[in-house]
Amino acid sequence: MKHLSTKTHWQELAFISTIAIFGLGIIHISFALIGILCYISPLILYLKYKDKTWCQKYCPRASFLNKTLGKMSLHLKRPKWLNLKEVKDFFVIYMGINLFFALMSTMGVAFGRIESMPYVRLFMAFRAPIDLPQLLVLNLPEALIHYSYRVFSMLLSSVLIGVVLGFLYAPRTWCTICPVNTLSVPKHLKQNSGKRA
Ligand code: SF4
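Just so we're clear, the structure is a prediction, and the values are computed from it rather than from any experiment.

Each value, and the rule that gives it
- Residues numbered from 1 in each chain as written.
- Predicted model: local features only at pLDDT ≥ 70, side-chain atom pairs only at ≥ 80, totals over all residues.
- Heavy atoms only, no water.
- Patch = residues over 30% accessible without salt bridge, like charges linked within 9 Å, V, L, I, M, F, W, Y side chains within 5 Å.
- Areas by Shrake-Rupley, 256 points an atom, 1.4 Å probe, with all protein chains shown as cover.
- Salt bridge = Lys/Arg side-chain N within 4 Å of Asp/Glu carboxyl O.
- Helix = DSSP H or I, 4+ residues; strand = E, 2+ residues; numbered from the N terminus.
- Buried < 20%, exposed > 50% of the residue type's maximum accessible area, 1.4 Å probe, protein only.
- pLDDT = per-residue confidence, 0-100.
- Contact = heavy atoms within 4.5 Å.

Caption draft 1: Spatial organisation of a nonpolar patch on the surface. Among the surface-exposed residues, Ile26, Ile27, Phe31, Ile34, Leu37, Leu135, Leu136, Leu138, Leu140 and Leu144 lie close enough to one another that they form a single nonpolar patch of about 770 Å² accessible area. The residue Leu140 is located in the loop between β2 (126-127) and α7 (142-168) in this model. By relative accessible area, which is 31% here, Leu140 ends up partly exposed.

As structure tokens, this is what we get:
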């Protein structure tokens, strides 16, 4: 989006990381664990700089949406519900529940309490219609495989929402409701955060 005047060379190339994570997940799901950096890095940068450095300079997802949808987006008028606080809060809670269940179910698998789910689940609820091929055979703990699938599922689900929104409205429309955006905006600016994303 043109509102970002601090675009960097890295941001132009960061989309490759998004493609790489999904591509490597096809080779072996454990590579999806690299995607955890997309959850930890914004937090570290926010704690350090108290601003939106991650969003403005590094986010691979935003870069991916810009690159893939830059010329394809229909640029329809953005609906008002995207700016609602309730919608933004919903996605923060959704992300929190997602992360919580991913961790708890992994512990359950590790302690033999529940069966692992070695497949992709979209939006926490639906098994993906296609299984990942897994070109590499690695003898890794079941819990690690389970957690890798959970991370891959979280990343893929949010990218899918981002692609649909980006195609309809503008490439980075997802940023409006992205939990990182909601959580990293200083309180006194939160009311206007949707307009800037
Ligand atoms: S709001 Fe979310 S998707 Fe957009 S740049 Fe920030 S972290 Fe990336």
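Caption draft 2: Fine view of the confidence of the model for the chain. For the chain, per-residue confidence averages 91 on the pLDDT scale, and 89% of positions sit at 70 or higher. Helix α10 (residues 193-196) is the least confidently modelled element of the chain, averaging 47 in pLDDT, while α7 averages 98, the highest of any element. Scored below 50 in pLDDT, residues 193-197 shows 19 contacts in the model against residues more than four places distant or in partner chains.

Caption draft 3: Region of the structure containing the pattern of salt bridges. In total, this model carries three salt bridges according to the counting rule given. Note that Asp89 is salt-bridged to Lys85, the shortest N-O span being 2.7 Å. Here Lys85 and Asp89 lie together in helix α6 (residues 85-110), a separation of four residues that amounts to about one turn. Taking the relative accessible area as the measure of exposure, Lys85 reaches 56% and is therefore exposed. The partner of Asp131 in a salt bridge is Arg127, and the shortest N-O contact between them spans 3.3 Å. Its relative accessible area of 44% is what places Asp131 among the partly exposed residues.

Caption draft 4: The arrangement of unusual backbone geometry in detail. In the Ramachandran plot, Phe123 falls in the positive-phi region, its phi being about 55 degrees despite a non-glycine side chain. One can find Phe123 in the loop between β1 (121-122) and β2. The backbone phi angle of Gln134 is positive, close to 65 degrees, even though this residue is not glycine. Looking at where Gln134 falls in the secondary structure, it is placed in the loop between β2 and α7. Judged by its relative accessible area of 21%, Gln134 falls in the partly exposed class.

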